[in-house]
Amino acid sequence: MRILHTSDWHLGRQFHGLSLDEDHDHILVQILAVIDDERPDVVIIAGDVFDRANPPQSAITRLSQFLTTVRAASDAAIVIIAGNHDSAAQIGAMGVLADGGAAIVRGPLDEDERPLVVSDAHGPVAISALPFAFEYAARLCFDDDGIGCPADVIRAQLASARKHVAEGMRWVVVAHAFVDGAATSESERPLTRMVGGIETVSAAAFEGAHYVALGHLHRPQPVGLDHIRYSGAPLAFGFDEEGQQKSVSLIDLAADGTVTVTEVPLRPLRQVRTIRGKLLELLAAAEVSNDIVRVVLTDDTPQIDPMKRIRAFYPNAVQLSYERNERPVELRLEEQRAAIDDPQTLSSAFLEFIRGEPLSEAEGQIVASALHSFATMEEEA
């Protein structure tokens, strides 16, 4: 059986205020092309379909159009679960979008986790779709006051699901969780509402499953064993994801339950990247680029209107900082002490701290003139 595993679309998301609608469209077209080329038997979206519980209408329409196209172009079963960014009720209602073929769409928890059963030439495969839920919801659903962390939630769901997997069936589990040993990214929210709570789930909790399709973490990666995997997000949502190859995971599930994993690369509409250097050097070497850019200036002194000038070449520059401000605190303190001996630099740094912008050229001339007058008065005295 062939399975396409994807997750963490975060439809409706913005990147530092920039809309990612066109970026999502570009990626979804590629995922549809993979479905058309590879003809998977099952398409899984393992949570965080939307970026927030109340997504914009455009995001809902985007998902609806995607599912409608999948239904029209393939016979693939559709599996969707709610993630921690999603509204469980809204994802549950999305089940109507997958109507007309084999599908399982899980938003709210279900105390009786029945799988979707899909058959191939080698027999039936049970697919248990376990939506994300916080501990308090799981306590109510499973009538178990002992549920106190995400691992307890997963264990309760798996215990309910196992009862419906017949002996000899191959078993696929879809879940939205943080499994021990996985690599994180900056843009992921915690999965526990308890300060200092244990967020992770042991890979051993999924014992018995032949493939575990995970969502939540944005890096494609196996965890513990090769059959327990995150597909990763199809787009970069933070600068710490710069340079990562985004992909969807194509899983071939053999008759004996072993899996072969192929990561199918995706090409973003815009790269997420950092440019670094002195402002004048960056401007001199720049060509107009629509990439989403973080700028780190290595200039020793604040520059005049740096973001405005950078955006002439990088209209999607969203963040600017100075390398000197990223140095260790001890070194920065030493530099600040040295700046006291340079009133011009100190004045500019103070003004930048107060209003967020350094001295303009005209203001610098006024300060320089005042400092010169003051120095002359001291000499005359």
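Residues numbered from 1 in each chain as written. Predicted model: local features only at pLDDT ≥ 70, side-chain atom pairs only at ≥ 80, totals over all residues. Heavy atoms only, no water.

Undergrad: Residue-level account of the overall build of the protein chain, with values.
TA: Looking only at helices and strands, one finds ten helices and 17 strands in the protein chain. Residue pairs in contact within the protein chain that sit at least 24 positions apart in sequence constitute 66% of those at least 6 positions apart. Only carbon and sulfur atoms are counted for the fraction: they give 52% of the accessible area of the protein chain, which is about 18100 Å². (Helix = DSSP H or I, 4+ residues; strand = E, 2+ residues; numbered from the N terminus. Contact = heavy atoms within 4.5 Å. Areas by Shrake-Rupley, 256 points an atom, 1.4 Å probe, with all protein chains shown as cover.)

Undergrad: Can you break down helix α2 (residues 57-73) residue by residue, with the values?
TA: The terminal C-alpha atoms of α2, which comprises 17 residues, lie 24 Å apart, in line with the 24 Å expected from a rise of 1.5 Å per residue. Among all positions of α2, only A59, I60, R62, L63, F66, L67, V70 and R71 are buried. Take α2 and look down its axis: the buried residues cluster within an arc of 165°, on one side only. Opposite the buried face of α2, at more than 90 degrees from it, the exposed residues are Q57, Q65 and A72. (Expected span 1.5 Å × (residues − 1). Buried < 20%, exposed > 50% of the residue type's maximum accessible area, 1.4 Å probe, protein only. Arc of directions from axis to C-beta.)

Undergrad: Hey, could you go over the packing of aromatic side chains for me, with residue numbers and the actual values?
TA: Applying the stated criterion across every chain yields a total of three aromatic pairs. Both rings, one in F132 and one in F134, keep their centres 4.9 Å apart while their planes meet at 85°; by these two values the pair is edge-to-face. Neither F132 nor F134 differs from the other in exposure class; each is buried. The ring of Y322 has R324 sitting right over it, with the charged end atom 4.7 Å from the ring centre. (Phe/Tyr/Trp six-rings, centres within 6.5 Å; stacked < 30°, edge-to-face > 60°. Lys NZ or Arg CZ within 6 Å of the ring centre and 35° of its normal.)

Undergrad: Account for the environment of I31, naming residues and giving values.
TA: Mapped onto the secondary structure, I31 falls in helix α1 (residues 21-38). Setting aside anything within four residues of it in sequence, one finds I31 in contact with L4, T6, W9, F66, V248 and L266.

Undergrad: An account of empty space enclosed by the protein is requested, with residue identities and associated values reported.
TA: By rolling a water-sized probe across the atoms, one finds the places where empty space is left. With the rule as written, the count across this model stands at one cavity of 30 Å³ or more. Roughly 60 Å³ of volume is contained in the largest cavity. If you go around the largest cavity, the residues you meet are P131, F132, A133, P150, V153, I154, Q157, H176, A177 and L191. Top contributing element to the lining of the largest cavity by residue count: helix α5 (residues 150-162), with four residues. (1 Å grid on protein atoms, 1.4 Å probe; cavity = no way out; pocket = protein on both sides within 12 Å on 5 of 7 lines; lining within 4 Å. Points joined across faces, edges and corners; volume = space filled by probe spheres on them.)

Undergrad: So, the sheet that holds strand β1 (residues 2-6): which residues are in play, and what are the values?
TA: If you trace the six strands from one edge of the open sheet to the other, you get β6-β5-β4-β1-β13-β14, paired in mixed fashion. Each edge of the open sheet carries a strand with a single partner, namely β6 (103-106) and β14 (259-265). This sheet shows a mean twist of 15° between the axes of neighbouring strands, independent of strand direction. With five bridges connecting them, strand β4 (residues 42-46) and strand β5 (residues 77-81) associate as parallel partners. Each residue of the ladder has a partner; that of V42, found in β5, is A77. (Pairing = 2+ DSSP bridges. Axes fitted to C-alpha atoms, helices over the stretch in contact; angles between N-to-C directions.)

Undergrad: Which residues make up α1, and what are the values?
TA: In an α-helix there are 3.6 residues to a turn, and that puts residues three or four apart on one side. The first and last C-alpha atoms of α1 sit 26 Å apart over 18 residues, in line with the 26 Å expected at 1.5 Å per residue. Tucked inside the fold, the buried residues of α1 contact β1, β3 (18-19), β4, α2, β13 (247-253) and β14. Trailing α1 by a residue or two, R39 shows a phi angle of about 50°, which is positive.

Undergrad: Please give an account of the packing of helix α4 (residues 135-142) against α5 that cites residues and values.
TA: At a closest axis distance of 9 Å, the pairing of α4 and α5 adopts a crossing angle of 30°. With respect to each other, α4 and α5 are oriented roughly parallel. Crossing angle aside, the handedness with which α4 passes α5 is left-handed. Facing α4, whose interface residues are E135, A138 and F142, α5 presents P150, V153, A156, Q157 and S160. A breakdown of the residues in the contact of α4 with α5 according to their chemical character gives five nonpolar, two polar and one charged. (Parallel < 35°, antiparallel > 145°, perpendicular 65-115°, else oblique. Left-handed = near helix turned anticlockwise from the far one by under 90°. Nonpolar A, V, L, I, M, F, W, Y, C, P; charged D, E, K, R; others polar.)

Undergrad: An account of the sheet that holds strand β8 (residues 123-130) is requested, with residue identities and associated values reported.
TA: Spatially, six strands are ordered β7-β8-β9-β10-β12-β11 in an open sheet, and the strand pairing comes out mixed. A strand with exactly one partner marks an edge of an open sheet, and here the two such strands are β7 (116-120) and β11 (221-223). Between one strand axis and the next, the sheet turns through 30° on average, direction left out of account. Summarising the sheet, strand β9 (residues 170-176) and strand β10 (residues 211-215) pair through five bridges and their orientation is parallel. Counterpart to V172 in the pairing with β10 is Y211.

Undergrad: Kindly report on the nonpolar core, identifying the contributing residues and their values.
TA: Core analysis: the largest hydrophobic core is formed by 40 residues, its most contacted members being I31, F50 and L63. Only α1, β4, α2, β5 and β13 provide two or more residues apiece to this core. At six residues, α2 tops the list of elements feeding residues into this core. Residues in contact with L63, not counting those within four places in the same chain, are W9, L11, I45, V49, F50 and M94. In this structure, C149, I154, L214 and V223 belong to the second largest nonpolar core, which totals 29 residues. (Core = buried A, V, L, I, M, F, W, Y, C linked by side-chain atoms within 4.5 Å.)

Undergrad: How would you explain the side chain of D51 if you had to name every residue and give the values?
TA: With respect to the helices and strands, the residue D51 is situated in the loop between β4 and α2. Side-chain polar atoms of D51 contact the side chain of R13, separated by 2.7 Å. (Polar contact = N/O pair within 3.5 Å; in protein donor to acceptor, adjacent residues only side chain to side chain.)

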